[in-house]
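# Structure assessment
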2 protein chains.
Amino acid sequence: MAWAWQYARMINTPYVLFLGDAPDPLSAKLAQGIKDWRPEASIGQIRLKDCHADMGLPDMTPRAAADAGAQTLVIGVANRGGVISKTWMDTLVEALEAGLDIASGLHNLLRNEERLVQAARANGRELHDVRLPTGTYPIADGKPRSGLRCLAVGSDCSVGKMYTMLALEKEMRKRQLKASFRATGQTGILITGKGVPLDAVVADFMAGAVEQLTPNNDPDHWDLIEGQGSLFHISYSGVSLALIHGGAPDALVVCHEPTRKHMRGLPEYPLPQLEDVRDSALSMARVVNPHCQVIGISVNTAGMSEEESGAYLVEVEQRMQLPCIDPFRYGAGRLVDALQDCQARRV
Amino acid sequence: MAWAWQYARMINTPYVLFLGDAPDPLSAKLAQGIKDWRPEASIGQIRLKDCHADMGLPDMTPRAAADAGAQTLVIGVANRGGVISKTWMDTLVEALEAGLDIASGLHNLLRNEERLVQAARANGRELHDVRLPTGTYPIADGKPRSGLRCLAVGSDCSVGKMYTMLALEKEMRKRQLKASFRATGQTGILITGKGVPLDAVVADFMAGAVEQLTPNNDPDHWDLIEGQGSLFHISYSGVSLALIHGGAPDALVVCHEPTRKHMRGLPEYPLPQLEDVRDSALSMARVVNPHCQVIGISVNTAGMSEEESGAYLVEVEQRMQLPCIDPFRYGAGRLVDALQDCQARRV
């Protein structure tokens, strides 16, 4: 994976996180992810008028960020479709003029924006498009691989799949278990320095890219694969299924956000029942790995009080007969226990 | 769809079909499709040593094909991964020198082969890569569209999904019903002159591309959408699910090839039960269209005797309680009847 680690070397830290005119906190989840999982690399935030996201970092101008030692402005906000907004342009040019590089995971590329290309050239700065797949990927061959794999599957997009897998990795490393978070999205790639930007991969090679990301490993090593989308999110479900069939998981964690009123970006679509998420994902996973089990439920309770959250987790746990936790709020311990049980049953 | 029709204008007919060193007849399904559905445009075939496919057309050299009036050599064979084989190269260069254009639907592009580019330039010929998406596609928004849609879903790749939909279109037009075949693969695009090469679309835009391919239409108009892959084929299942969620079908036809020993290209994977294909596809389709129904089973019985075929169709029809036919062998009449019943129940 030499190519991917290059990102970690190429993109200079520390970062200043650009939140732009984020319409809501969720649209700044890239910034939030970097701040939560790589806090030492995040020294400030840049916000425009009408920004509805806040990382709790010092607000800065591009110039002030450069003066404070920032090396790279990371675009930490995504609007629908992944476009680089025209309203951001003056600030991005300012950043280049102040001596910052820019890194972006958006669909539309920095390198295709003429003003940015010219300003970068004039100021000797770099434009990093981490969204672009940098390698070539094979067609998936479905051959069994050694080692164990756990995949996060969601009731919707942006319900905490990446956080769940990062929290699992943190807890497993604390216990000195063998585990590797496998990033499949831009935030994960910026956090860990490697991975596959799966939603930018050509359709035929999606599952093959996931196989390549999760190769043969020690028999007791767990790949913790970041999920994408949901089998029930009609815009991205194909990506979710490619993750299941390319990842060939031994274990699934169902991820959910209980305050969601409808599927993200699709006001007409209600969320699926957790039982349907469990059953659909499991039956699809068993096509490629008959041993696959659902080992727990991970709930993002950020939108609930302590009391609501506790009651909800107990209710779901009893209903589903599976460990049900918020790993970010209360730690991932019980999910790691469940993974180890799953592993013990396999031996 | 102006861009897509350009292919029909750009690629000059008649064709000579290049079968190369096809390892088996199935790998030449592109050639077979053009020959079956556009016979007037296919004047001959070019075969190399060790070719195990035969369209029953006159064997020609490139020069003889040009002399007989052929305008374009169509690469009608695909090896796994869609590579342009080195063993084809001399013949392809000969074709350009003889005055033929070349059209290809392979993943690897004619325009990236230096010898072909030079020979095309030297001889004033065109290289057509129909695999490349030519438009830009939106993220799917899941909004209901007017008109009706039927999608072919398969137990495996290459089981007759395109043929089934082309046969439905032919029969519906004969009955003066409103119907449009919607191509989602290279063969379909070469046959009809338009469509979306779905397996070459970037992951995030797959479902949106299918929505764009099947826009609002008359309330009694049927889009007949060519399927791709199978929910149970782990290499391509993501594409199949994007077709279900982007196509938002009112009707599904389950397609099957009963002599298949294992999933295509995956010797370790057995074929799914037809009941599982039906149930998985239907439950996924109802996420986006609650009215969706499975209206029939289409079986490719090419590998069976008349007697075997008849017995098999009766057995499946009784077991599944659905019309079960081979539309290519016996006509698509009963599936069109079933579509009309489905439409009547909706009104």
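Residues numbered from 1 in each chain as written. Chains lettered and ligands numbered in written order. Predicted model: local features only at pLDDT ≥ 70, side-chain atom pairs only at ≥ 80, totals over all residues. Heavy atoms only, no water.

### So, the overall build of chain A
We count it as follows: A run of DSSP states H or I qualifies as a helix once it reaches four residues; a run of E qualifies as a strand once it reaches two. Both are numbered from the N-terminal end. Each radius of gyration reported is based on C-alpha atoms, and the globular scaling rule is 2.2 Å times the count of residues to the power 0.38. Here's how the labels work: a residue is buried when its accessible area is under 20% of the maximum for its type, exposed when over 50%, partly exposed in between, all with a 1.4 Å probe on protein chains only. Two residues form a contact once any of their heavy atoms are found within 4.5 Å. We get accessible surface area from the Shrake-Rupley algorithm with a probe of 1.4 Å; when it comes to residues, only the shown protein chains can shield them. Working convention for charge: Lys and Arg count positive, Asp and Glu count negative, and His plus the chain ends are omitted. Charge positions are represented by NZ for Lys, CZ for Arg, CG for Asp and CD for Glu.
Looking only at helices and strands, one finds 13 helices and 11 strands in chain A. On C-alpha atoms alone, chain A measures out to a radius of gyration of 20 Å, which is about the 20 Å that the 2.2 N^0.38 rule sets for 347 residues. Principal-axis analysis of the C-alpha atoms gives chain A an extent of 60 × 45 × 40 Å. Burial status across chain A gives 60% buried among its 347 residues. Of all intrachain contacts in chain A linking residues separated by at least 6 positions in sequence, the fraction that spans at least 24 positions is 76%. As presented, chain A carries roughly 13,500 Å² of accessible surface, and 50% of it is formed by carbon and sulfur atoms. The centroid of the 35 positive side-chain charges in chain A is displaced by 4 Å from the centroid of its 41 negative side-chain charges.

### Looking at the relation of the copies chain A and chain B
One copy of the chain maps onto the second through a rotation around an axis plus a translation along that axis. Selection rule: Least-squares fitting of one copy onto the other uses the C-alpha atoms of those residues that reach a pLDDT of at least 70 in both copies.
Once turned by 180° and shifted 0.0 Å along the axis, chain A lies on chain B with an RMSD of 0.1 Å. Accordingly, the operation relating the two chain copies is best matched by a two-fold axis. Both copies present the same face, since 100% of the interface residues in chain A are matched by interface residues at the equivalent positions in chain B.

### Describing the packing of helix 4 (residues 89–97) of chain B against helix 5 (residues 114–123) of chain B
Residue and element names in this part refer to chain B. Note the following rule: Whenever a helix is involved, its axis is fitted only over the stretch in contact; in every case the axis is a line through C-alpha atoms, and angles between N-to-C directions fall within 0 to 180 degrees. Should an angle fall under 35 degrees it is taken as roughly parallel, and over 145 as roughly antiparallel, whereas 65 to 115 is taken as roughly perpendicular and any remaining angle as oblique. We call a crossing left-handed when the near helix sits turned anticlockwise from the far one by less than a right angle, and right-handed when that turn is clockwise. Under this grouping Gly is polar, as are all residues other than the nonpolar Ala, Val, Leu, Ile, Met, Phe, Trp, Tyr, Cys and Pro and the charged Asp, Glu, Lys and Arg.
Between helix 4 and helix 5, the shortest axis-to-axis distance is 9 Å and the interhelical angle comes to 15°. Taken together, the axis directions place helix 4 and helix 5 in an arrangement best described as roughly parallel. Helix-helix and strand crossings are classified by hand; for helix 4 and helix 5 the assignment is right-handed. Contact residues: helix 4 offers Met 89, Asp 90, Leu 92, Val 93, Leu 96 and Glu 97, while helix 5 offers Arg 115, Leu 116, Ala 119, Ala 120 and Asn 123. Tallied by class, residues from the contact of helix 4 with helix 5 come to 7 nonpolar, 1 polar and 3 charged.

### What about the sheet that holds strand 5 (residues 127–129) of chain B?
Residue and element names in this part refer to chain B. Note the threshold: Pairing between strands is defined by DSSP: at least two bridges between them are needed.
Taken together, 5 strands build an open sheet; the order of strands is 2-1-3-4-5 and the sheet is parallel. In this open sheet, the two edge strands, each paired with only one partner strand, are strand 2 (42–47) and strand 5. Averaged over all pairs of adjacent strands, the angle between their axes in this sheet comes to 25°, without regard to strand direction. Alignment of strand 1 (residues 15–20) against strand 2, held across 5 bridges, turns out to be parallel. Following the sheet pairing, Tyr 15 is matched in strand 2 by Ser 42. On top of the sheet, helix 4 reaches strand 1, strand 2, strand 3 (72–75), strand 4 (101–104) and strand 5; it is set at about 160° to strand 3, its chief contact.

### Quick look at the packing of aromatic side chains
Note the cut-off: Stacked, edge-to-face and tilted are the three classes for Phe, Tyr and Trp ring pairs, Trp counted by its six-membered ring, which pair at centre distances within 6.5 Å; planes under 30 degrees apart are stacked, over 60 edge-to-face, the rest tilted.
Taken as a whole and assessed by the stated rule, the structure comprises 8 aromatic pairs over all chains. Taking 6.0 Å as the distance between ring centres and 55° as the angle between the ring planes, the aromatic pair formed by A:Trp37 and A:Phe328 counts as tilted. On the criterion of sequence distance, the pair formed by A:Trp37 in helix 2 (residues 29–37) and A:Phe328 in helix 12 (residues 327–330) is long-range, its members being 291 residues apart. A:Phe328 gets classed as partly exposed once you look at its relative accessible area, which sits at 48%. Consider the rings of B:Trp37 and B:Tyr163, whose centres lie 5.6 Å apart with planes at 75°: the pair is edge-to-face. Note that B:Trp37 is positioned in helix 2 (residues 29–37) and B:Tyr163 in helix 6 (residues 161–174), a separation of 126 residues in sequence. This pair shows no difference in class: B:Trp37 is buried, exactly as B:Tyr163 is. Put simply, the rings of A:Trp37, A:Tyr163 and A:Phe328 touch in pairs and so form one group of aromatic residues.

### Some remarks on helix 8 (residues 206–213) of chain B
Where burial is concerned, most of helix 8 of chain B is hidden: 7 out of the 8 residues are buried. Residues of helix 8 of chain B that are buried: B:Met206, B:Ala207, B:Gly208, B:Ala209, B:Val210, B:Glu211 and B:Leu213. Looking at the buried side of helix 8 of chain B, the elements it contacts are helix 8 (206–213) and helix 9 (237–247) of chain A together with strand 7 (179–182) and helix 9 (237–247) of chain B.

### Quick look at the confidence of the model for chain A
In low-pLDDT segments, the atomic positions of the prediction should not be examined closely. Condition: The predictor rates its confidence in each residue with pLDDT, a number between 0 and 100.
Per-residue pLDDT for chain A has a mean of 93; in total, 97% of the residues score no lower than 70. For this predicted complex, the interface score ipTM comes out at 0.85, alongside a pTM of 0.86.

### Considerations on the pairing of strand 7 of chain B
Residue and element names in this part refer to chain B. On strand 7, burial covers both faces: Ala 179 and Phe 181 on one face and Ser 180 and Arg 182 on the other are all buried. As defined by bridge partners, strand 7 adjoins strand 8 (residues 222–225) across 4 bridges and the pair is classed as parallel. Within the sheet, the bridge partner assigned to Ser 180 lies in strand 8 and is Asp 223.

### Some thoughts on the environment of A:Gly56
Residues and elements named next belong to chain A. The residue Gly 56 is located in the loop between strand 2 (42–47) and helix 3 (62–67) in this model. Look at Gly 56 and you get exposed, because its relative accessible area is 66%. The sequence separation of Gly 56 and Gln 343 amounts to 287 residues, and the corresponding C-alpha distance is 40 Å.

### Things to note about the sheet that holds strand 3 (residues 72–75) of chain A
All names here are of chain A. Taken in spatial order, the 5 strands make up an open sheet running 2-1-3-4-5, and their pairing is parallel. Looking at strand neighbours, the two that pair on one side only are strand 2 and strand 5 (127–129), the edges of this open sheet. With direction set aside, neighbouring strand axes in the sheet form an average angle of 25°. Taken together, the 4 bridges between strand 1 (residues 15–20) and strand 3 define a ladder with parallel strand orientation. In the sheet register, Leu 17 faces strand 3, and the bridge partner there is Val 74. Of the strands in this sheet, strand 1, strand 2, strand 3, strand 4 (101–104) and strand 5 are in contact with helix 4 (residues 89–97), which crosses strand 3 at around 160°.

### Quick notes on the pattern of salt bridges
Residue and element names in this part refer to chain A. Stated formally: Salt bridge criterion: a side-chain nitrogen from Lys or Arg within 4 Å of a carboxyl oxygen from Asp or Glu.
A full pass over the atoms with the stated rule returns 48 salt bridges over all chains. Residue Arg 173 is joined to Glu 169 by a salt bridge in which the shortest nitrogen-to-oxygen separation is 3.2 Å. Here Glu 169 and Arg 173 lie together in helix 6 (residues 161–174), a separation of 4 residues that amounts to about one turn. Its relative accessible area of 49% is what places Arg 173 among the partly exposed residues.

### Quick notes on the side chain of A:Arg38
Residues and elements named next belong to chain A. Note the threshold: Polar contacts, as used here, are pairs of N or O atoms within 3.5 Å; protein pairs need one atom able to donate a hydrogen and one able to accept it. Residues neighboring in sequence count only if both atoms are side-chain atoms.
By secondary structure assignment, the location of Arg 38 is in the loop between helix 2 and strand 2. No salt bridge is formed by the buried Arg 38; the nearest opposite charge belongs to Glu 40, separated by 4.3 Å. Polar contacts involving the side chain of Arg 38 include one to the side chain of Tyr 15, which spans 3.2 Å. Those residues in contact with Arg 38, other than ones at most four positions away along the chain, are Thr 13, Tyr 15, Gly 33, Leu 190 and Ile 191.

### Concerning the side chain of A:Asp101
Among the secondary structure elements, A:Asp101 is positioned in strand 4. A relative accessible area of 3% places A:Asp101 in the buried class.

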